[in-house]
Amino acid sequence: MAEVDVTAITSTETYTRTIDNQNNAEPESSYVAPFARAKIGNFFQERPSLGNHYEEDPTLKSYLKRHIPPDIFASKVEPDLHNFGQRVTEEIADLGQQCDTELPYVEHFDPWGQRIDRLVTCPAWKKMHDISAEEGIISIAYNREVGEHSRLHQMAKVYLFASFSGLYSCPIAMTDGAAKIIENLAPKYPWLKERAFRHLTSREPGHFWTSGQWMTERKGGSDVANGTETVAIPQDDGSFRLHGYKWFSSATDADITFTLARVVGKDGQTTTGTRGLSLFYLEVHNSDGSLNNIQIQKLKNKLGTKQVPTAELLLDGTIAHKVSEEGRGVASISSMLTLSRIHNALASASAMRRVVSTARDYSTRRSAFGNVLKNYPLHIQTLARLEVEVRGATLLTLEAARLLGREDVGKATEHEQMLLRLLTPLAKLYTAKQAMSVVSEGLESFGGQGYIEDTGLPGLLRDAQVLPIWEGTTNVLSLDVLRALMKTKGGALQVWHDDVISRVQSAGQHKELSEAAEKVTKCASSVVGFAQKHSDVFDKAARDFAYSLSRTFIGALLVQHAVEAGSDPTDIYAAQRWCEKDLTPVITNQSRRHFSSDTADQDFQLLFKNYHDEGRL
């Protein structure tokens, strides 16, 4: 049977006539509909696409232009980011999708029964390793060719890279943290800088090393002080042998890692708590390529981030070197935690930017009910609300990166150091929650396509769920914010307040921004007032308090950015919309008696009503 060519037929109501050429029979009197005989119709939805990922992000571009000297920005930073933005959309995005479909696995035994625990990753994952080196995603921050602006330059690349990288941004975050630890330890352990730092900061793929972060054990994630059971047995040559079980070891394919363990004394005893933890450096493989007395028990079967090989590892005599004073392990990883939390915030902002930018493009291509989505004000309103969230998150994370850059080179004032200490947990906890909400709403804007794995969209939501969990949950980090305030005896809070006020002062006489500036100012004072009057309920109010600090600070950043970036109408509008929300939920919920002892009792009763095992209460 031969068919009339339907490629030129535009109406779905037109039928194709079939003719029997084999036996010259009379043409059939019936018509065949377009979907008959394996035909799938004439309509195919045009897929969304993105342009240069850097050029299409006005907030990123204008923030960098504000804070990096014009000559450096024009000659070094912007050309690099322009080229990288193009590489993201033309090459890295496809590689990231391959990482999402070709997942890592472990070959535990060779054909002859020998245990090898060979971790297999896909070619795209290995290519991400090479790209990370070539693009200097680590080295930019440590070569410091543009001084204090180097960290901001690096973090801008991480922001562009993260959501398209197939989660290779995870080992990048840990590698960055390891490089920072080594840089800090270099005066006491110069061999460590020679041995590992040059590899971690190399731009040559063949020499570039990545690092893992093996802190989590079975007893506890964030509670490393009480959850770490790994012991370190001293050896005659000054090294140690580690024995323990690491329950959640990210980036198992790393070359090196840092981990915590308890040194076994001559009496065979270890010290409990934080005082017993020391920091150790180890290389994952021996010179012959075999594992360093490490067994990969299993890869974790996670909700998302399946691209990252995360494993349960048995350390059975693993050779390691102590790189901290005994009992000073937790203090020695503080710089790594700062970096990993900022990376987490960047990944959150990056995920939001990707989903909103993709949804924006899709709105120009998808028709429904007789019109293109971009022509429906309700749809655009929804995406615009998400855009405000993205801009706020972007400014918050970039500001933390800028302050870190100043600290890297010793230029940060005491004021800036305290602010960075406070902003780091705030940026991590708040943007992670934003990402979950924005990515979910963003997927909804694609309708059914947002739920189909082949589009690559559902993975964004699965991967986003880890953001509030890694590097400290929202509640853990809310309490960390309180520790920062208490350690500085309220100094950090005063610095936060003064910084907020200074950022919005220039908007006081701005016709379109004065109302937003006034609200931010009042909210900043209200938050400080709450802390002064209600410190007795901090344990219950910590989460709302952290949200209030975050929202008010983002409001100040958006107002400041609108003024200093040239009063662009979209920047003004974003600041106005942000400041219309409840910036101080801690004040709102205090007025509703959410933090009273009575309410705490009612919360408990509400939760455990009809609980099956009352003996545990």
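As shown above, the structure is provided for reference.
Residues numbered from 1 in each chain as written. Predicted model: local features only at pLDDT ≥ 70, side-chain atom pairs only at ≥ 80, totals over all residues. Heavy atoms only, no water.

Draft legend 1. Examining the state of the cysteines more closely. Applying the stated rule across the entire model yields 0 disulfides. The thiol of C122 is not disulfide-bonded; the next cysteine sulfur, from C99, is found 4.2 Å away. (Disulfide = S-S within 2.5 Å.)

Draft legend 2. Focus on the nonpolar core. Counting 158 residues, the largest nonpolar core has L64, F258, W496 and F545 as its most contacted members. The dominant element in this core, judged by the number of residues it contributes, is helix α12 (residues 414-444), at 15 residues. Residue contacts for W496: discarding those within four places in its chain leaves L419, L422, A524, V527, V528, S548, L549, T552 and F553. Listed in part, the 17 residues of the second largest apolar core include W214, L242, A261 and L291. (Core = buried A, V, L, I, M, F, W, Y, C linked by side-chain atoms within 4.5 Å. Buried < 20%, exposed > 50% of the residue type's maximum accessible area, 1.4 Å probe, protein only. Helix = DSSP H or I, 4+ residues; strand = E, 2+ residues; numbered from the N terminus. Contact = heavy atoms within 4.5 Å.)

Draft legend 3. Quick peek at the packing of helix α11 (residues 377-408) against helix α17 (residues 538-564). Between α11 and α17, the shortest axis-to-axis distance is 9 Å and the interhelical angle comes to 95°. Here α11 is positioned roughly perpendicular relative to α17, judged by the angle of their axes. Facing R391, G392, L395, L396 and E399 of α11, the residues of α17 in contact are F553, I554, L557, L558 and H561. (Axes fitted to C-alpha atoms, helices over the stretch in contact; angles between N-to-C directions. Parallel < 35°, antiparallel > 145°, perpendicular 65-115°, else oblique.)

Draft legend 4. Spatial organisation of helix α1 (residues 58-67). Restricting attention to buried positions, one finds in α1 the residues T59, L60, S62, Y63 and L64. Each element contacted by the buried residues of α1 is listed here: α2 (70-101), α5 (150-162), α11 and α17.

Draft legend 5. Structural view of the packing of aromatic side chains. This model, assessed by the stated rule, comprises 16 aromatic pairs. Consider the rings of F538 and F545, whose centres lie 5.2 Å apart with planes at 55°: the pair is tilted. Members of the aromatic cluster, each reached through a chain of ring pairs, are F530, F538, F545 and F595. We note K157 situated over the ring of F84; from NZ or CZ to the ring centre the distance is 4.8 Å. (Phe/Tyr/Trp six-rings, centres within 6.5 Å; stacked < 30°, edge-to-face > 60°. Lys NZ or Arg CZ within 6 Å of the ring centre and 35° of its normal.)

Draft legend 6. Inspection of the environment of G212 at higher detail. Along the chain, G212 turns up in strand β5 (residues 211-217). The spacing of G212 and A254 is 42 residues in sequence and 5.4 Å in space, taken between C-alpha atoms. Dropping the residues within four chain positions of it, G212 is found in contact with M174, S250, A251, A254, I256, T257 and F258.

Draft legend 7. Representation of the packing of α12 against α17 in the model. Look at α12 against α17: their axes get within 9 Å of each other, and the N-to-C directions meet at 100°. When the interaxial angle is binned, α12 and α17 end up roughly perpendicular. Residues L419, L423, L426, L429, Y430 and K433 of α12 touch α17, and the partners they reach there are R543, A546, Y547, L549, S550, R551, F553 and I554.

Draft legend 8. Geometry of the pattern of salt bridges. Inspection of the entire model under this criterion finds 42 salt bridges. In this structure, R365 engages E46 in a salt bridge whose closest nitrogen and oxygen atoms are separated by 2.4 Å. A residue pair is termed long-range when its members are at least 10 positions apart, and R365 in the loop between α10 (334-362) and β12 (367-368) and E46 in the loop between β2 (18-19) and α1 qualify at 319 residues. The class for E46 is partly exposed, based on a relative accessible area of 45%. One salt bridge connects D80 with K157, and the closest N-O pair in it is separated by 3.1 Å. In this pair, D80 sits in helix α2 while K157 sits in helix α5, placing the two residues 77 residues apart along the sequence. (Salt bridge = Lys/Arg side-chain N within 4 Å of Asp/Glu carboxyl O.)

Draft legend 9. Structural detail: the side chain of S163. Tracing the backbone shows S163 in the loop between α5 and α6 (169-185). Under the relative-accessibility criterion, S163 is labelled buried at 14%. A polar contact of 2.9 Å, which involves the side chain of S163, links it to the side chain of S350. Residue contacts for S163: discarding those within four places in its chain leaves S350, A351, R354 and L460. (Polar contact = N/O pair within 3.5 Å; in protein donor to acceptor, adjacent residues only side chain to side chain.)

Draft legend 10. The side chain of E387, seen in detail. With respect to the helices and strands, the residue E387 is situated in helix α11. Sequence-distant contacts of E387, that is, excluding residues within four places in its chain, are made with R353 and V356.

Draft legend 11. Region of the structure containing unusual backbone geometry. Here T305, not a glycine, exhibits a phi torsion of approximately 50°, which is positive. With respect to the helices, strands and loops of the structure, T305 is situated in the loop between β10 (294-299) and β11 (311-322).

Draft legend 12. View of the environment of K374. Here K374 is to be found in the loop between β13 (371-372) and α11. Through-space distance from the C-alpha of K374 to that of R360 is 8.0 Å; in sequence the pair is 14 residues apart. Setting aside anything within four residues of it in sequence, one finds K374 in contact with S363, T364 and I380. Reaching out from K374, the side chain makes a polar contact with the side chain of N375 at a distance of 3.1 Å.

Draft legend 13. Looking closely at the environment of I181. Take I181: it is sitting in helix α6. In the structure, I181 is positioned 155 residues away from M336 in sequence and 6.4 Å away in space, judged by C-alpha atoms.

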